[in-house]
Structure formats: structure tokens, C-alpha cells
Amino acid sequence: MPQYYIWTIGCQMNKAESERLASYLEQSGYQATARAEEADFIVVNSCVVRQSAENRVINKLNALKPLKRLHPDLTLAVTGCLVNSDIDRLKKSFPQVDYFFKPGDHPPWITTQKAETELVLLQHPSPSTFVPIIQGCDNFCSFCIVPYRRGREKSRPLEEIIGEVKELVHCGVKEVTLLGQNVDSYGHDLPDKPDLADLLNELNAIDGLTRIRFLTNHPKDMSPRLIEAVAYLDKVCEQISLPVQSGNNDILKAMRRGYTVEQYRQLITEIRSKIPGVALSTDVIVGFPSETQRQFQETVNLLSELRFDTVHIAAYSPRRGTIASRKFEDNIPPDVKRRRLNEIEQLQENIASEINAHLLGKTVEVLVEGREKGKWQGRTRSDKLMFFSDDNDCLGQLMKIKIEKTSPWSLQGRVESSNTN
Ligand code: SF4
């Protein structure tokens, strides 16, 4: 049987797309292998959101060169955000690659399969699975390459998503995470203009599905209707990701984010008042061009004030073609960026440690997703990672776990009762 190998880097969108590509390839008769050397078909699913990610992709493609030379019949395809409109240039830079295709596009070897099957079913779905609902982004934040590489927003029809989730549930999936660069824009380009709240309502009614999550939200687009839906739909988890990026209004303006710190703070207040116990995560960029120490301190102050469960921190890195790379000089020295990044990491470690310590002794519901180093691992409704021991096969079970130990990054507990499904 021919074998395939997929190498993925980047966001959950890429991971979801790789799962779908795996499914297509398996439907075409390929079998997965964990070793590139054994593969007949290799897909590199790339990310160029930061220079470090792009470097890793280039290194990977260079590392695959000798393999392709040794096995000229091997097919090497590249997708993800490395793939821009200038395919000819990419072909010149990476002659070892047979196909380049844009994220979400389907090259000929996949379209043939798609014509035969309406739904893309994963061969071995995890109990918790990603479902892309909208591709692309119309926002053009000044630092971001995504709209140039993934194109304008394109929502999947409501019925198609509902059908796919029903099939996934039929295959054993218990939890879906709806994905989009900006999930709050879902549906505006569809004929009946459904929104994300409509979609959540429909999915909440699917028998056998136990949990629904979604990411990523945009603070300027998140509607009161969506907050209500999270508050009232029992399967929608109390967890929202809402990137703030900076705590200073001038930086937010230069980033073209479309909201102020005051509006963001107000939104968080509203979410917390409507959804008790909600877990919040955010994203922050430090070292944006000309960010002063005072402006950085405002970000630190905002994070200290709002106390997120999770903060994803990145140091600014200019991406060629973006508005920021054209308009602003990357003038914050690397050591200053690193120091600012470390400071926020340390702050967040303390905050997460305190938030999680409050959970000690509580019993929470965990969906078991797998096993690592002899322990079962899963997530709470608020997306906390939990580890526990049990001799039974717990995969895919909803368990009640009493929390016995906490850290900033995860929880440990013991089983109170199994299978709350
Ligand atoms: S909302 Fe902004 S940061 Fe997010 S994908 Fe769109 S352009 Fe990029």
C-alpha cells in the first residue's frame, strides 16, 4: 500500500487542514507513516506567520531535497501560508516540490476524490476534532500576512457543517472546535446570512455531540447574540479566545485592530457578567514598531487587570508584504523584545498559577483525548489540560475528576466517576 507523510506547523487551521488532507489521501488508498523516508506522498503544511516558522519550513523543504533526489517518484506537495500567488517564483526557489496549493484549495489529486464523496470524513477521528467553518480574513491587521495568503473570508454553508458534524459524531467524535481566522464573521457571505450564534444553535441540537468550542474571535466583531448563545447553549463550552494584541490605543491603531482598550475592557466585562466562570485567553504582540516602554507597560497593566487564563505572546517580526512592514521600521532591538516577552511570560505564569490553584479540590468534567507517559489526558470545559491515572480504557469518555494538584499549565486529579456521557 502506498504511504503518505504530512508535516504540519502553525495554527489549528493548519492542523485541521492536515487532518482533512490525511482523510483524502486515505480515501485514495494511502496509509499514514510517521517517517518521511518511507512515504510515497509528502505534504508540507506551512506557516509563515513569524520568521522563525518560515525558517523551519524552508529547512524542512531543504532537508527533503536529498530524499526527492533519491526517489524521483516521490510526490512532494506544499500548502499553507508559504504558498502565495507567485507560484512560478516558489517553483524556482524549491524545484524539489511537485505541487504548491493554497490553504483550503484542492489540487487535482484531491478534487477527484471530493467529487465522489460530499463529506470529508476522518478515518480515525479524535474524540475532539477541529472543523473549519470559515477560511480567510478581510481584516488586514497591519502586522498580519494571513489575508494575503489565505484570501478573503469564505464561509462554508451551514448545512454542510451540520452534516459533517453529524457524521463525525457518528464516527465517535464528542467535541468539535469550530475554526476560522475570524469566526465572528461566519456567514456574512452566505445567501441567508446565518451567523455563528445560528450555527451554534443548530449544532447544540445534535444528539451525541457533547461539547462545542470555537476560535478565534475578533473583539470588534464579537456580537452580544454570540455571547448570549455561549451563555445559554448547554454544549457550548465556557471558553472564549479574544486576542487583544496591545494595551495601548496608539499601537492598536497602528495595528489596524479596529477597537480601543476601553472597548475591549467593556467587552470582557460583558462576557464575564453573562457567562459566569468563563475561561478567557488572549494574544499579545510585544515589540511592535516604535512601542515605547510606557506603551508596553500599558499592555502589562491590562493583562494584570483582566487576568486571562491563557496568554499567547509573540515578539513582533515583520512579514514582507504586510502594511506594517511597508509603513514602519522594525526598530525595537531583539534583546528588548525578548525582555518584554519574558516579562509577560513571567506575569502570566503567576496569574495562571493563581487561577488554577483556586480549582484545587473541585470536581470537573474531563473529555479524555489520549494517553501520555502512562497517564490519561483530557480537557475540562474551560480548556484546562488534565492528567489522571486509570486502568480502564478511558479514551473518548467524559469523566468526573477531582483536582488534586495544579500548575500554571495543567491539572492533575483522580477519577470520581467515569462516563458521564
Ligand atoms: S483578524 Fe487580523 S490578525 Fe487575525 S487573521 Fe485577520 S488580519 Fe490576521
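Everything quoted here is computed from the prediction, not taken from an experiment. (Residues numbered from 1 in each chain as written. Predicted model: local features only at pLDDT ≥ 70, side-chain atom pairs only at ≥ 80, totals over all residues. Heavy atoms only, no water.)

Structural notes on the confidence of the model for the chain
The test is simple: A residue's pLDDT is the predictor's confidence in that residue, given on a scale from 0 to 100. Contact between two residues is taken to exist if any of their heavy atoms lie within 4.5 Å; hydrogens are not considered.
Residues at a pLDDT of 70 or more form 95% of the chain, whose mean pLDDT is 92. Across residues 114-119, confidence stays below pLDDT 50; counting only partners more than four residues off in sequence or on other chains, it has seven contacts.

Examining the site of the ligand
Definition in use: The nearness test applies per residue and asks whether one of its heavy atoms lies within 4 Å of the molecule or strand. Here the nonpolar group is Ala, Val, Leu, Ile, Met, Phe, Trp, Tyr, Cys and Pro; Asp, Glu, Lys and Arg are the charged ones; every other residue, Gly included, is treated as polar.
Around the ligand, the neighbouring residues are Cys-137, Asn-139, Phe-140, Cys-141, Phe-143, Cys-144, Val-146, Pro-147, Gln-181, His-218 and Arg-257. Considered class by class, the residues forming the shell around the ligand number seven nonpolar, three polar and one charged.

Here we look at the sheet that holds strand β3 (residues 41-46)
In sheet architecture, strand pairing relies on hydrogen bonds along the backbone and comes in two forms, parallel and antiparallel. Short version of the rule: Paired strands, as defined in this entry, are two strands with at least two bridges between them according to DSSP. Numbering of helices and strands runs from the N terminus; a helix is a DSSP stretch of H or I covering at least four residues, while a strand is a stretch of E covering at least two. Fitting a line to C-alpha atoms yields each axis, with helices limited to the stretch in contact; the angle taken between N-to-C directions then spans 0 to 180 degrees.
Read across the open sheet, the five strands follow the order β2-β1-β3-β4-β5; overall the sheet is parallel. A strand with exactly one partner marks an edge of an open sheet, and here the two such strands are β2 (31-32) and β5 (99-100). Summarising the sheet, strand β4 (residues 75-80) and β5 pair through two bridges and their orientation is parallel. For Ala-77, the partnering residue across the bridge sits in β5 and is Tyr-99. Its contacts with the sheet put helix α2 (residues 51-70) on β1 (3-8), β3 and β4, and the angle it makes with β3 is roughly 165°.

Brief notes about the packing of aromatic side chains
The condition that has to hold: A pair of aromatic rings is counted whenever rings of Phe, Tyr or Trp (Trp by its six-membered ring) have centres within 6.5 Å, and the orientation is called stacked for planes under 30 degrees apart, edge-to-face for over 60 and tilted otherwise. Accessibility here uses a 1.4 Å probe with only protein chains present; expressed as a share of the type maximum, an area under 20% marks a residue as buried, one over 50% as exposed, and anything in between as partly exposed.
All chains considered together, the criterion is met by six aromatic pairs. When the ring of Tyr-259 is compared with that of Tyr-264, the centres are 6.0 Å apart and the planes differ by 35°; the resulting orientation is tilted. For Tyr-259, a relative accessible area of 7% gives the class buried. Considering the side-chain rings of Phe-288 and Tyr-316, the 5.2 Å spacing of their centres and the 70° angle between planes classify their relative orientation as edge-to-face. Residue Phe-288 is found in the loop between β11 (279-286) and α11 (293-306), and its partner Tyr-316 is found in the loop between β12 (310-315) and α12 (323-327); the two are separated by 28 residues along the sequence. The exposure class of Phe-288 is buried, given its relative accessible area of 1%. A residue is classified by how much of its surface remains accessible, and Tyr-316, at 4% relative accessible area, is buried.

As for helix α10 (residues 261-274)
The cut-off we apply is this: By this rule the span expected of a helix is its residue count minus one, scaled by 1.5 Å. Starting at the helix axis, one direction is taken to each C-beta atom, and the arc is that of these directions.
Relative to the 20 Å expected for 14 residues at 1.5 Å per residue, α10 spans 20 Å between its end C-alpha atoms, a close match to the ideal helical length. When α10 is considered as a whole, its buried residues turn out to be Val-261, Tyr-264, Leu-267, Ile-268 and Ile-271. The arc enclosing the buried residues of α10, seen along the axis, measures out at 120°, which places them on a common side.

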